[in-house]
Amino acid sequence: MVREKYSTMKKALITGITGQDGSYLAELLLSQGYEVYGLSRRNSGCEIEGNRLTHIKDKIKLYYGDMTDISSIHNAIINIMPDEIYNLAAMSDVRISFVQPSYTTSVNALAVVNLLETIRLVKPDTKIYQAGSSEMFGNSMDSDGYQRETTLMDPVSTYGCTKLFAHNICKSYRLSYNMFIINGILFNHESPRRGLNFVTNKVVKEAVKIKKGLSDTLLLGTLDARRDWGHSKDYVNAMWSMMQLSNPDDYVCATGITHSIKDLVEYVFDQLELDYIKYIRHDEKLYRPNEIWDLKGDSTKLKNKINWKPTYTFNSMLNEMIKYWEVQLT
């Protein structure tokens, strides 16, 4: 969808800008004529993360800070006075959230309270996007097998619980203080920029390495869990579109199609003309203490509001990821 640029430059702050979604969103906002700021933790490590913003680093302005440090949030907002804030920062590894429950709660839940309260006191007309998650539903679904905005939310992981807290506190602030706060309930979304701790990019990269003779094993947990996978580019487009609506609300963003991890593995290995059975090994450490078995989102509400639909299919998304790693691993 072609969008017209704003005649006046708006300022947007993206927390978690160095992540997959943050980098694609930064690109989108720049294309719309925004002045783009990012809040990023200072660290010495790099993976794909160090490369996600390289091509636009001279077009954005970074503030170093941490979502668990309220002074970082306060200083960034005071200095930027943003028109829009996209809170994408999170401890997003579901399995690790069981191992680091306190840290996950600090980043995903308590930090959101600090962000909301700072905005309420400093610049209450700022529009806020809160990145929710399909993990908030847990294994709850409606009778037709879908999860939507009205589906019971019953999370089974620390990550899901903290995201549900943030979701509910945002609703509370929206209703109590008449703040413009969007809750985006995004289902799984991937891309070549996805972290390697997530199963999609892990599978693709390792499969390409096996094809090139650089590896002979892919370690995985369960193959039975099913997910509704889309592409990050499509989903950040939905985020921005939600923020342009006249009234804030909660919206599910999903493809409505599920695949199992086994489906994912089979497709990637087939594209590389490999028999995955020869290379898969199961690692008990990669199993979650409590698993979600099936996630499938109904985006009817979102589609009716902004006419959103994904441009990538499951296959075209994986094809893009395969091509990326074929080039990177030459």
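Only a predicted model underlies this, so the values are computations on that prediction, with no experimental measurement involved.

## A few points about the pairing of strand E11 (residues 250-253)
Argument step 1. The alternating pattern of E11 places Asp250 and Val252 and Tyr251 and Cys253 on opposite faces, both of which are buried.
Argument step 2. The pairing of strand E6 (residues 181-186) with E11 spans four bridges and is parallel. Counted as the bridge partner of Ile185 is Val252 from E11.

## Overview of the packing of aromatic side chains
Argument step 1. The full count for this structure, using the stated rule, is eight aromatic pairs.
Argument step 2. Between Phe137 and Phe187, the ring centres sit 6.0 Å apart and the planes meet at 35°, which makes this aromatic pair tilted. Here Phe187 lies in the loop between E6 and strand E7 (189-190) and Phe137 lies in the loop between strand E5 (127-133) and helix H5 (158-177), a separation of 50 residues in the sequence. A single burial state applies to Phe137 and to Phe187, both of which are buried.
Argument step 3. Measuring from centroid to centroid gives 5.0 Å for Tyr324 and Trp325, while their planes differ by 85°, and the two rings are edge-to-face.
Argument step 4. A relative accessible area of 25% places Tyr324 in the partly exposed class.
Argument step 5. Taking the relative accessible area as the measure of exposure, Trp325 reaches 6% and is therefore buried.
Argument step 6. A cation sits over an aromatic face here: Lys127 above Phe180, 4.6 Å from the ring centre.
Argument step 7. Here the guanidinium or amino end of Lys301 rests over the ring plane of Tyr251, the centre of that ring lying 5.1 Å away.

## Some remarks on the pattern of salt bridges
Argument step 1. Within the structure shown, the criterion is met by 14 salt bridges.
Argument step 2. A salt bridge links Arg174 to Asp250; its shortest N-O distance comes to 2.9 Å. On the criterion of sequence distance, the pair formed by Arg174 in helix H5 and Asp250 in strand E11 is long-range, its members being 76 residues apart. Take Arg174 and Asp250: they sit in the same class, and that class is buried.
Argument step 3. Put simply, Glu206 and Lys209 hold a salt bridge, and the shortest N to O gap is 3.9 Å. Of this pair, Glu206 and Lys209 are both found in helix H6 (residues 199-211), three residues apart, which corresponds to roughly one turn of the helix.
Argument step 4. Overall, the relative accessible area of 18% leaves Glu206 in the buried class.
Argument step 5. A network of salt bridges, in which partner residues are shared, links Asp142, Asp144, Arg148 and Asp298.

## Quick look at helix H8 (residues 261-271)
Argument step 1. Taken as a whole, H8 has its buried residues at Ile261, Leu264, Val265, Tyr267, Val268 and Phe269.
Argument step 2. One or two steps after H8, the chain reaches Glu273, where phi turns positive at roughly 60°.

## Details of the confidence of the model for the protein chain
Should pLDDT be low for a region, the predicted coordinates there are not to be read in detail.
Argument step 1. Looking at the protein chain, the pLDDT average stands at 92 and 95% of residues meet or exceed 70.
Argument step 2. Segment residues 1-7 is flagged for pLDDT under 50; beyond a separation of four residues in sequence, or across chains, it makes 13 contacts in the model.
Argument step 3. Low pLDDT (under 50) marks residues 44-49, which in the prediction has 10 contacts with non-local residues, meaning those over four places away or in another chain.

## Some points on the side chain of Ser232
Argument step 1. Tracing the backbone shows Ser232 in helix H7 (residues 232-243).
Argument step 2. Discounting residues that sit within four places of it in the chain, Ser232 has contacts with Gln20, Asp21, Tyr24, His189, Glu190 and Ser191.

## As for the pairing of E5
Argument step 1. For E5, a buried count of six out of seven residues is recorded, marking the element as mostly surrounded by other parts of the structure.
Argument step 2. Note: E5 against E6, six bridges, orientation parallel. Bridged to Gln130 within E6 is Asn183.

## Considering the sheet that holds strand E4 (residues 84-87)
Argument step 1. Read from one edge to the other, the open sheet built from seven strands follows the order E3-E2-E1-E4-E5-E6-E11, with strand pairing classed as parallel. At either margin of the open sheet sits one strand with a lone partner, and together these are strand E3 (60-64) and E11. Sheet twist, expressed as the mean angle between neighbouring strand axes with direction ignored, is 20°.
Argument step 2. Of the pairings in the sheet, the one linking strand E2 (residues 35-40) to E3 comprises five bridges and is parallel in character. Its bridge partner being in E3, Gly38 is matched across the sheet by Leu62.
Argument step 3. The sheet strands contacting helix H1 (residues 20-31) are strand E1 (11-15), E2, E3 and E4, and the helix crosses E1 at an angle near 175°.

## Regarding the packing of H6 against H8
Argument step 1. Packing of H6 against H8 brings their axes to within 10 Å, and their N-to-C directions diverge by 30°. What the angle tells us is that H6 and H8 run roughly parallel. Between H6 and H8 lies a crossing whose hand is right-handed. Of the residues in H8, those in contact with Val199, Thr200, Val203, Val204, Ala207 and Ile210 of H6 are Ile261, Leu264, Val265, Val268 and Phe269.
Argument step 2. A breakdown of the residues in the contact of H6 with H8 according to their chemical character gives 10 nonpolar, one polar and no charged.

The rules we used
Residues numbered from 1 in each chain as written. Predicted model: local features only at pLDDT ≥ 70, side-chain atom pairs only at ≥ 80, totals over all residues. Heavy atoms only, no water. Buried < 20%, exposed > 50% of the residue type's maximum accessible area, 1.4 Å probe, protein only. Helix = DSSP H or I, 4+ residues; strand = E, 2+ residues; numbered from the N terminus. Pairing = 2+ DSSP bridges. Phe/Tyr/Trp six-rings, centres within 6.5 Å; stacked < 30°, edge-to-face > 60°. Lys NZ or Arg CZ within 6 Å of the ring centre and 35° of its normal. Salt bridge = Lys/Arg side-chain N within 4 Å of Asp/Glu carboxyl O. pLDDT = per-residue confidence, 0-100. Contact = heavy atoms within 4.5 Å. Axes fitted to C-alpha atoms, helices over the stretch in contact; angles between N-to-C directions. Parallel < 35°, antiparallel > 145°, perpendicular 65-115°, else oblique. Left-handed = near helix turned anticlockwise from the far one by under 90°. Nonpolar A, V, L, I, M, F, W, Y, C, P; charged D, E, K, R; others polar.

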